[in-house]
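Now for the letters of each chain:
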Amino acid sequence: MSAKEIASTMAEKDVEHPVDMPVAITAEVEEKYGIKAHWKCLAACTLVSMCPFQYGLDFGLIGGLQAMIGFLKVFGHPAPHVAGGWNISPSRQQLISSLMTLGAFLSSSLAGPTATFLSRRQTIWAASLLCIVSNVIMMATTSIGGLYAGRLLLGLANGFYMTFSQLYIQEVAPARYRGLMISSFQVWTSVGTVIGGVVDNFTEKIDGRDSYLIPLGLIFVFPVVISVGLFAVPESPRWLMMQGREEQARSSLRWHRPYTDRMVEEEIKDIQLALAAEGETVKGASVWDMFRDPVNRRRTVLAVCGLSVQGASGAMYMIAYGTYFFKMAGIGKPFENHVILTSLGVVAILVNSAMVTHFGRRRVFLISGLILCGIAQLLIAVVYTVKPGTKSTGQAIVGLAVVYILGYNGMVATYAWISGGELPSQRLRSYTFGLATAIGFFAAWLTTFTAPYFINPESMNWGPKYGYIWTPSCWISALWVYFYLPEVKGRTLEEIDQMFEARLPARKFRKSVCVGRGGGGGVANEWDKNSVNWEKKGDELVHAEEVKRVVSS
């Protein structure tokens, strides 16, 4: 009898969760707990998932600010030969856009050391404070140096927001709803981008500094909302357990789960044994542990590459420079086009959020999305090369940009973040995900820093032909996903640990059945070798004694 059949039998008999129930069977039985039962946990995750709103808002705002006459009169220069009569130098444009991403890279790089003395909630509070201080500087200054300083501080805040909000959601959300909550993370990013674009669209007609000060004022709102809401939310139980604070972890898990006390105890044991399997407490971890043994090295590379495919799709230049790109290419109404583009992106993510729990296959969506994004980028470049500056070309580019953003938001962005967050080990999660996020931000910084050289009329003036560079990047990334990225939809973090410890190849992850406390199926873990018996049938891993006990009941 398979693990799934055993779980079904238990559910029919309404068997109470026994202390020694295997993890994979638990995952099956827990399907009876729906969204309503998990409302407190999902509400907490939704609050924390608002953190990337700031990141999306900034990208929605900054591209529009650099096309506003009021902003260009302060930080740009007269340019009679371009639309609007004002422009900004490529070097300033690079620094304004890329310093935020550079700051995010720096703070994400420090996620591992930071997590040893600051909890997930404390780091988010610190990010909110940094965000408010940075915005005060940006709104008060008329100096380009002051603007640069504000952008760098805002980046530090966004790096902490993006990294530690994801860590909280990954560690707290039930396996069944983890994909849904990470997709809501991407929803808030896109909603922020849309709101930034909409506000820019209305304020760009205002004369003077108010045209860009009003949009910047929006940055104050969400840090306050998130900071106040976090007082009602417990800390991550997994982080507490890694710090040796077992009673607080147990109390937090009771708050987050609708289960009986015995089921909570079982999950606590799963977490304990998964941590024990890795040999040390988190306080003994170091950055080198990510590369010291083959299993963690593999998980580190997969997490970094999985998250980096988002940047490899070329999204940063489409999002950060969308308005400027449309304006300098002479394509219709640049602000309206950018708002339409980002709004459709939100629709794509909302549709994806409805599908992720039931159909959220990471590999399938990533491969399909990257191929689609590559095709859209290639066609945009070809159309502009053949007939630059015509009305029909402009319409074709806007239409293809819509196709691109649907592929990116609906398939690539969400699943890249999910993959980057699910694959690190428990003990090294802060270090590995921090590194993955940092490298993702570095790739974004590199894109935003170099893009002006390609698209600015005062430099190479490629405009939409920049897509020639990103098409092969998309397709190479799709090939990497096909050959190397494991499918872990619906798996608990402990099950993922077990499959990596068993050194399964990527193609076998999806069909493997993990049964055993702490994710200890398949290859017996060191702490259990002398006390349990295991059977392996193809890709199905079954703990023999547990299965017999359940069946006999």
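Residues numbered from 1 in each chain as written. Predicted model: local features only at pLDDT ≥ 70, side-chain atom pairs only at ≥ 80, totals over all residues. Heavy atoms only, no water.

## Brief notes about the overall build of the protein chain
Put simply, the test is: Strands here are runs of E lasting at least two residues and helices are runs of H or I lasting at least four, both read from the DSSP assignment and numbered beginning at the N terminus. Residue exposure (1.4 Å probe, protein chains only): buried if accessible area is under 20% of the type maximum, exposed if over 50%, otherwise partly exposed. We call two residues in contact when some of their heavy atoms are within 4.5 Å. Using a 1.4 Å probe, accessible areas were evaluated by the Shrake-Rupley method; residue-level cover was limited to the displayed protein chains.
A count of helices and strands for the protein chain gives 26 helices and four strands. Buried residues in the protein chain amount to 61% of all 553 residues. A separation threshold of at least 6 residues defines the contact pool for the protein chain, and within that pool the share at least 24 residues apart is 78%. Of the roughly 20400 Å² that the protein chain leaves accessible, carbon and sulfur atoms contribute 64%.

## Thoughts on unusual backbone geometry
Within the chain, Arg 503 stands out as a residue other than glycine whose phi angle is a positive 60°. By the element assignment, Arg 503 lies in the loop between α25 (493-501) and β3 (534-537).

## Points about a nonpolar patch on the surface
Here is the rule: A patch consists of residues exposed above 30% relative accessible area that lack any salt bridge, with like charges linked at up to 9 Å and nonpolar side chains (Val, Leu, Ile, Met, Phe, Trp, Tyr) linked at up to 5 Å. Any carboxyl oxygen of Asp or Glu that lies within 4 Å of a side-chain nitrogen of Lys or Arg is treated as forming a salt bridge with it.
Judged by side-chain polarity, Ile 371, Ile 375, Leu 379 and Trp 475 come together as a nonpolar surface patch covering roughly 320 Å² of accessible area. Tallying contributions element by element places helix α21 (residues 362-386) first for the nonpolar patch, with three residues.

## A word on the packing of helix α6 (residues 90-109) against helix α23 (residues 429-455)
Filter applied, for reference: All axes here are fitted lines through C-alpha atoms, helices being fitted over the stretch that makes contact, and every angle between N-to-C directions spans 0 to 180 degrees. The scheme is simple: roughly parallel for angles under 35 degrees, roughly antiparallel for over 145, roughly perpendicular for 65 to 115, oblique for anything else. When residues are sorted by character, Ala, Val, Leu, Ile, Met, Phe, Trp, Tyr, Cys and Pro go into the nonpolar class, Asp, Glu, Lys and Arg into the charged class, and all the rest, Gly among them, into the polar class.
Look at α6 against α23: their axes get within 8 Å of each other, and the N-to-C directions meet at 175°. Taken together, the axes of α6 and α23 lie roughly antiparallel to each other. A class-by-class count of the residues in the contact of α6 with α23 yields 15 nonpolar, ten polar and no charged.

## Notes on the pattern of salt bridges
Under the defined criterion, the tally for this structure stands at 13 salt bridges. Taking the shortest distance from any N to any O, the salt bridge between Asp 58 and Arg 151 comes out at 2.5 Å. Taken together, the residues span a long stretch of sequence, with Asp 58 in helix α4 (residues 53-65) and Arg 151 in helix α9 (residues 144-172) at a distance of 93 residues. Accessibility assignment for this pair places Asp 58 and Arg 151 in one class, buried. Measuring nitrogen to oxygen at the nearest pair gives 2.3 Å for the salt bridge that ties Arg 292 to Asp 289. With a gap of three residues between them, Arg 292 and Asp 289 both fall in helix α16 (residues 289-292), about one helical turn apart. The network of salt bridges with shared partners includes Glu 246, Glu 247, Arg 250 and Glu 265.

## Structural notes on the side chain of Asn 158
Mapped onto the secondary structure, Asn 158 falls in helix α9. By relative accessible area, which is 0% here, Asn 158 ends up buried. Excluding anything up to four places from it in sequence, Asn 158 contacts Gln 54, Tyr 55 and Met 100.

## Here's the deal with the confidence of the model for the protein chain
Stated precisely, the cut-off is as follows: For every residue, the predictor reports its confidence as pLDDT, a number between 0 and 100.
Here the protein chain shows a mean pLDDT of 78. Residues at 70 or above account for 80%. Within the model, the stretch residues 1-27 combines pLDDT values under 50 with 57 contacts to residues more than four positions away or in other chains. Overall, residues 517-553 carries pLDDT values under 50, and its contacts beyond four positions in sequence, including any with other chains, amount to 73 contacts.

## Here we look at the state of the cysteines
In protein structure, a disulfide is the covalent linkage between the sulfur atoms of two cysteines. Note the threshold: Note on terminology: pairs of cysteine sulfur atoms within 2.5 Å are recorded as disulfides.
Across all of its chains, the model carries zero disulfides by this definition. Lacking any disulfide linkage, Cys 131 is separated from the closest cysteine sulfur, that of Cys 51, by 10.0 Å. On the basis of relative accessibility, which here comes to 0%, the residue Cys 131 falls in the buried class. Free of any disulfide, Cys 474 has its nearest cysteine sulfur in Cys 373, 5.4 Å distant.

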